[in-house]
Structure formats: C-alpha cells, structure tokens
Amino acid sequence: MTMADREKVLVFDFGSQYSQLIARRIRELGVYCQIVPHDLPVEQAARAEVRAIVLSGGPASVYRDGAPSMDERVLAAGIPILGICYGMQLLARLLGGKVERRGGQEYGPARLEIEAADGLLAGLADPLDVWMSHGDRVVEMPPGFVRLAGTPDCPIAAMGDAERGLYGVQFHPEVAHTPRGGEILRNLLFRIARCRGGWTMANFIQTSVAEIRQRVGDGRVICALSGGVDSAVVAALLTRAIGKRMTAVFVDNGLLRAGEAEQVCQTFRTEYSLNLHFVDAREEFLSALAGVTDPEEKRKIIGKTFINVFAAEARKLGTFRFLAQGTLYPDVIESVSARGGPSATIKSHHNVGGLPQRLGFELIEPLRELFKDEVRRLGAELGLPQRLLKRQPFPGPGLAVRIIGDVTQDQLDVLRAADSVVQEELARFDGYDGIWQSFAVLLPVKSVGVMGDQRTYENAVAVRVVTSVDGMTADWARLPAELLGRLSARIINEVKGVNRVVYDISSKPPSTIEWE
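Because the structure is a prediction, the values reported are computed rather than measured. (Residues numbered from 1 in each chain as written. Predicted model: local features only at pLDDT ≥ 70, side-chain atom pairs only at ≥ 80, totals over all residues. Heavy atoms only, no water.)

### Some thoughts on the packing of helix α13 (residues 409-427) against helix α14 (residues 481-494)
The description of two helices packed together rests on the angle between their axes and the distance between the axes.
Here comes step 1: Direction vectors running N to C along α13 and α14 enclose 150 degrees, while the axes themselves pass 10 Å from each other. As far as their axial angle goes, α14 and α13 are roughly antiparallel. Classified by chirality, the crossing of α14 by α13 is right-handed. Packed against α13, whose contacting residues are Ala 418, Val 421, Val 422, Glu 424, Glu 425 and Leu 426, the element α14 presents Leu 483, Arg 486, Leu 487, Arg 490, Ile 491 and Glu 494 at the interface.
Here comes step 2: In terms of residue class, the contact of α13 with α14 is built from seven nonpolar, no polar and five charged. (Axes fitted to C-alpha atoms, helices over the stretch in contact; angles between N-to-C directions. Helix = DSSP H or I, 4+ residues; strand = E, 2+ residues; numbered from the N terminus. Parallel < 35°, antiparallel > 145°, perpendicular 65-115°, else oblique. Left-handed = near helix turned anticlockwise from the far one by under 90°. Contact = heavy atoms within 4.5 Å. Nonpolar A, V, L, I, M, F, W, Y, C, P; charged D, E, K, R; others polar.)

Take a look at the structure:
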C-alpha cells in the first residue's frame, strides 16, 4: 500500500505561511496529510481515502477581485471541512454568508467564549486562549450554520453546520499560541471525520522504501550529503531501499563550520561505511561569490555552483538517473508555495528554488513533506545515533548568509572562529536540548574599542540563539547573563578582528531565524 492509498486529510493552500503547520499538527495526531492547491477539482478531492479537508488561512480578502477560491462542488461532496481564518471567510461567502472588514486588524492573543461545547469544540473549557491574525471577519453566517464561539472583537469566531460537517474558526488552532488547538483538530479528525489514525514514522519508512524501489528499479541514485540531519536521513533511507546502488557525494564549499568537513568524512566513511565521494570545491565557490553582497544573489550563486560541481562529479562517477536531496517542507514553503498555492516567497533555497530546469537527473526527495522534528523521529526509527539527529539545522548556503555583505576568506575565518565559540559554549549549557539554533553573524559594521590601552576599530559579531519546534516560528532564547558574558568575552579575546558582541532578541515572525 502506498501513501496515496491510505486515509488522508487534505489542506487546501490559500497562501498562509502556516499551511504546513496545519499538516504537521494533523500528522502528529496519526493521520496522513497532504497540502494541495486551493482550486483542486472535486474529482481529486472527493476520493475514497480523503476523510476531511482543511481550508487554510491566507493574505487575501475573499471579497476582492482575483481572491483565491475553490471548486464549490467540494462543499457538497459530503466531506467534513474546517475553514481556518481566510478558509472560514471563504466558506461563509460561498455558502451565502457575509464577510466584512470592521475595525482594525486583530493580531495576537484573544479569549474565546464557547457557546456550543460539543462537536468541534467538545471537551474544551470556557474561556479558551486562542491566536488571532485577521482584518476581515464573518458578520453573517450562511444558512444552516450556528455560532459556536466568539470574542468581544469577533462575535462569530467559530461556526458550524453539524448536519453537513462544515465548520469554520477565525483563530488559528495550528499555532502554539493556541495552546489547546490540537484538541480542536483532534475533534475534527476523530469525532467528526471518523478517522482511524495510525500513521507513524514506521509506516512512512515502509511506504517510502517501497515507492523508492518501484521508482528506481535497477537504476543508481546519487545523493548530496551535507553531513546534516536531513541528508543523513535521506542517505539512510535510500540505503535501506537500494543498498550499494546509492553513492553519496559530499561537496566542501568552503562555507562550513569549523572542522565540519573532516567530521563528515570520519562519520560516514568509518562509522557507517557509506560509498562516500569527497569533493574539495572551496576555491570555486569563493571565486563565484567574490564581490556579491545581495543575499538572494548569494543563494542563487551558491545553488548554481553547487549543481555545476555536483553534476561534474556525477559524470566522473558513472551513470546516475536519480538525484536524492534532503528537501523539507519549510524549504519548500519559504521558496515557493507548496503544491502551487499563492503564498509569498520569503527566500530561495539552493536545493529548491535554485535548481536549473534541465538538471539531467530525476529528483528523489523523500523528506519533502516532513518537518525537522519528524525527520529526527524518522532517523531514530532508521537507527541513526542521537548525536547526529540532535545536530542543529544549518543553512544550505552555509556561512555565506551569516556574513552580511561580501564573502571573503578573511571574513570566513573570523566568523568560523566566533561561531566555534558559540557552539562550544552552548554545548555545555544545561538548556541545550531546548535550543533550535545557535550561531554567530558577522555584521557589516566596525566600531571603536579599547584593547590593551590601544584604540581599535574592528568588527562586530551578533549572536543568534532561538527556540522553536519546527522552524516555522521561533523565539529568542533567554540565556543566562553569565553565559552571555562568557560568549562575549571569549569571542572578543579569542577572535582576532572582533571588538564588539551583540545579542539578537528578535523573534520569527517578524524576523527570520537567519539574517539573510
């Protein structure tokens, strides 16, 4: 049985940056979930294995010309549907309700007063803390709907038609800021849609291995191995599926952390006996980046150079039909809208938006619909050690996007040394397991300082440490003052060319985790 055959929930993507979070929450509850275009035809939506549909939020207004809509026949297909934010407004408008913009935008926490504590809101206490992010709201419900809950600023914050299995909520149950949002999704899945559940990482391995074997046949696969969690899990999964017919290629682009290239070779040649091919391309990448300061241009150059180097090495190693990559859901949503939806591009990723149209390989991306924490669970299921699985995410363009401005060897040396201090100190921190990412950023400014009774005019380094669950949202870590003091003192004393350290206390959103 393939993933396409088992019970699933579809998320219609109307452009929300949180569409992937909806899918993730549903998969956490043991039901397989896919993101699909918002205008998916009823013939594809109303298949036997589809047990429920969620209409995502989005940046548009439903009453504006050109606003994304859906095949209205889906609403009459007998499938339970939950509309979230824009999805609720669209549900109301298409079924005869009224949506208007009244007052200002409501963004942030709200207290929900529950009127009907059954069905979608069964088992939830009144009042309920929720997260709002909207300007428009439903002011008249469609025929057949009843009000389930409201807030002082949004009287119709939840509505439902139990007979048809159609529901809408103005708030976002998928985000962590709605603490009991998972229970709302659970009610949708198991009370309303009658899902069986049971989708696990073990099932994912079984179906992925079968699909890889069927697709690859007796062919060969080349895998881009970075040494990070994602590519390591891909390599392990492919090894489970096709064994020695996979060759892993590691490209040292000169943009890695201190000692990383040596660690990758040691780990995957000695401990795991992968068929690993090492490529030293440091000079090629640095030459291509010379004089480039725009972050998007950096990413595109690194992506193009990587593909050129990788393709050249592949030709030396023989004939490969397939290229395997560790592309994840967050990569996809921040590069292009998942499955073709209307969400905005935040930044390009070298293994998503930067691929040339004529690559010469057929892509295999078995992790494309997984979040980082799911990949770690998958790796544990495959038997990879925790010391590898707990590695922090590292951007594909590496240190190039942590140097604000031109990338030179001297700047890389400064940043690599500063980052090494950050890694050493955070690794000794008792709260390290709660840290999503910790790193240094080399700023494009110099400041006056005094070192050894002499005036200095040198670089400033920013330290970025964040907590997160999946990388889609993040908050700055409240590190102890003593740790911050050690970080500053060690970087200034040990890294030549740095005389000032600052700590980044911005969250995502509105900032991103990386600076570029």
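### Side note on the packing of helix α5 (residues 201-216) against helix α6 (residues 229-242)
Here comes step 1: For the pair α5 and α6, the least separation of the axes is 9 Å and the interaxial angle reads 65 degrees. By crossing handedness, the relation of α5 to α6 is classed as right-handed. Each of Ile 205, Ser 208, Val 209, Ile 212, Arg 213 and Val 216 in α5 lies in contact with α6, whose residues at this interface are Leu 237, Leu 238, Arg 240, Ala 241 and Ile 242.
Here comes step 2: A per-class count over the contact of α5 with α6 returns eight nonpolar, one polar and two charged.

### Quick word on the environment of Lys 98
Here comes step 1: In this fold, Lys 98 is placed in strand β5 (residues 98-114).
Here comes step 2: Accessibility expressed as a relative area gives 36% for Lys 98, which makes it partly exposed.
Here comes step 3: Expressed as a C-alpha distance, the spacing of Lys 98 and Val 138, which sit 40 residues apart in the sequence, is 5.9 Å.
Here comes step 4: Those residues within four positions of Lys 98 in sequence are excluded, and the remaining contacts are Arg 137, Val 138, Val 139 and Glu 140. (Buried < 20%, exposed > 50% of the residue type's maximum accessible area, 1.4 Å probe, protein only.)

### As for the side chain of Arg 376
Here comes step 1: Here Arg 376 shows up in helix α11 (residues 372-381).
Here comes step 2: From its side chain, Arg 376 meets the backbone oxygen of Arg 391 in a polar contact 2.7 Å long.
Here comes step 3: Discounting residues that sit within four places of it in the chain, Arg 376 has contacts with Val 229, Leu 389, Lys 390, Arg 391, Gln 392, Pro 393 and Trp 436. (Polar contact = N/O pair within 3.5 Å; in protein donor to acceptor, adjacent residues only side chain to side chain.)

### A short note on the pairing of strand β10 (residues 221-224)
Regular strands show a simple pattern: their side chains alternate between the two faces of the sheet.
Here comes step 1: By the alternation rule, side chains of β10 split into Val 221 and Cys 223 and Ile 222 and Ala 224, which are all buried.
Here comes step 2: Across four bridges, the pairing between β10 and strand β11 (residues 246-252) is parallel. Paired with Cys 223 across the strands is Ala 248, a residue of β11.
Here comes step 3: Traced from β10 through α6 to β11, the parallel crossover comes out right-handed.
Here comes step 4: As paired strands, β10 and strand β13 (residues 322-324) are joined by three bridges and run parallel to one another. (Pairing = 2+ DSSP bridges. Right-handed = clockwise from strand over helix to strand, strands pointing away.)

### Let's talk about helix α8 (residues 282-289)
Here comes step 1: Considered for burial, the residues of α8 that qualify are Phe 285, Leu 286 and Leu 289. Relative to the axis of α8, the buried residues are bounded by an arc of 95 degrees and lie together on one face. Structural note: α8 exposes Glu 283 and Ser 287 on the side pointing more than 90 degrees away from its buried face.
Here comes step 2: Tucked into the core, α8 has its buried residues touching β11, α9 (295-317) and α13.
Here comes step 3: Downstream of α8 by a residue or two, Gly 291 has a phi angle that is positive, lying close to 80 degrees. (Arc of directions from axis to C-beta.)

### Quick notes on the side chain of Thr 327
Here comes step 1: Within the fold, Thr 327 resides in the loop between β13 and α10 (329-335).
Here comes step 2: At 2.9 Å, the side chain of Thr 327 forms a polar contact with the side chain of Glu 365.

### What to know about the nonpolar core
Here comes step 1: Ranked by size, the top nonpolar core spans 45 residues in total, and within it Ile 222, Val 251, Leu 255, Val 407, Leu 487 and Ile 491 carry the most contacts.
Here comes step 2: Among the secondary structure elements, those contributing two or more residues to this core are β10, β11, α8, α9, α13, β15 (437-451), β16 (454-467) and α14.
Here comes step 3: Discounting chain neighbours no more than four positions away, the residues touching Leu 255 are Leu 286, Leu 289, Ile 302, Phe 394, Pro 397, Gly 398, Leu 399, Ala 400, Val 407, Leu 412 and Arg 416.
Here comes step 4: One finds Trp 199, Cys 223, Leu 276 and Leu 388 within the second-largest nonpolar core, a separate group that totals 42 residues. (Core = buried A, V, L, I, M, F, W, Y, C linked by side-chain atoms within 4.5 Å.)

### Topic: the packing of aromatic side chains
Here comes step 1: With the rule as written, the count across this model stands at seven aromatic pairs.
Here comes step 2: Measuring from ring centre to ring centre gives 6.4 Å for Phe 310 and Phe 361, while their planes differ by 75 degrees; the resulting arrangement is edge-to-face. Residue Phe 310 is found in helix α9, and its partner Phe 361 is found in the loop between α10 and β14 (362-364); the two are separated by 51 residues along the sequence. Phe 361 matches Phe 310 in its accessibility class, with the two residues each being buried. (Phe/Tyr/Trp six-rings, centres within 6.5 Å; stacked < 30°, edge-to-face > 60°.)

### What about the sheet that holds β11?
Here comes step 1: Pairing within the open sheet is parallel, and its five strands lie in the order β12-β11-β10-β13-β14. Only two strands of the sheet have a single partner each, and these edge strands are β12 (276-280) and β14. Across the sheet, the mean angle from the axis of one strand to that of its neighbour is 30 degrees, orientation sign disregarded.
Here comes step 2: As judged from the three bridges shared by β13 and β14, these two strands associate in the parallel manner. Across the sheet, the residue bridging to Leu 323 is Leu 363, located in β14.
Here comes step 3: In this fold α9 packs onto β10, β11, β12 and β13, with an angle of close to 145 degrees to the strand it touches most, β10.

### Looking at unusual backbone geometry
Here comes step 1: In the segment running from Asp 126 into Pro 127, the intervening peptide bond is cis, with an omega of 0 degrees.
Here comes step 2: With respect to the helices and strands, Pro 127 occurs in the loop between β5 and β6 (128-140).
Here comes step 3: The amide bond that connects Pro 509 to the next residue, Pro 510, takes the cis arrangement and shows omega of 10 degrees.
Here comes step 4: Structurally, Pro 510 is set in the segment after β18 (498-503).
Here comes step 5: Phi angles above zero are rare outside glycine, and Cys 85 is one such case at about 60 degrees.
Here comes step 6: Secondary-structure assignment places Cys 85 in the loop between β4 (81-84) and α3 (86-94).
Here comes step 7: Phi at Arg 194 is positive, roughly 60 degrees, even though this residue is not glycine.
Here comes step 8: Following the sequence through the fold, Arg 194 ends up in the loop between α4 (181-192) and α5.
Here comes step 9: In this structure Arg 194 comes out as exposed when scored by relative accessible area, which is 58%.

Coordinates in, geometry out; function isn't part of it.
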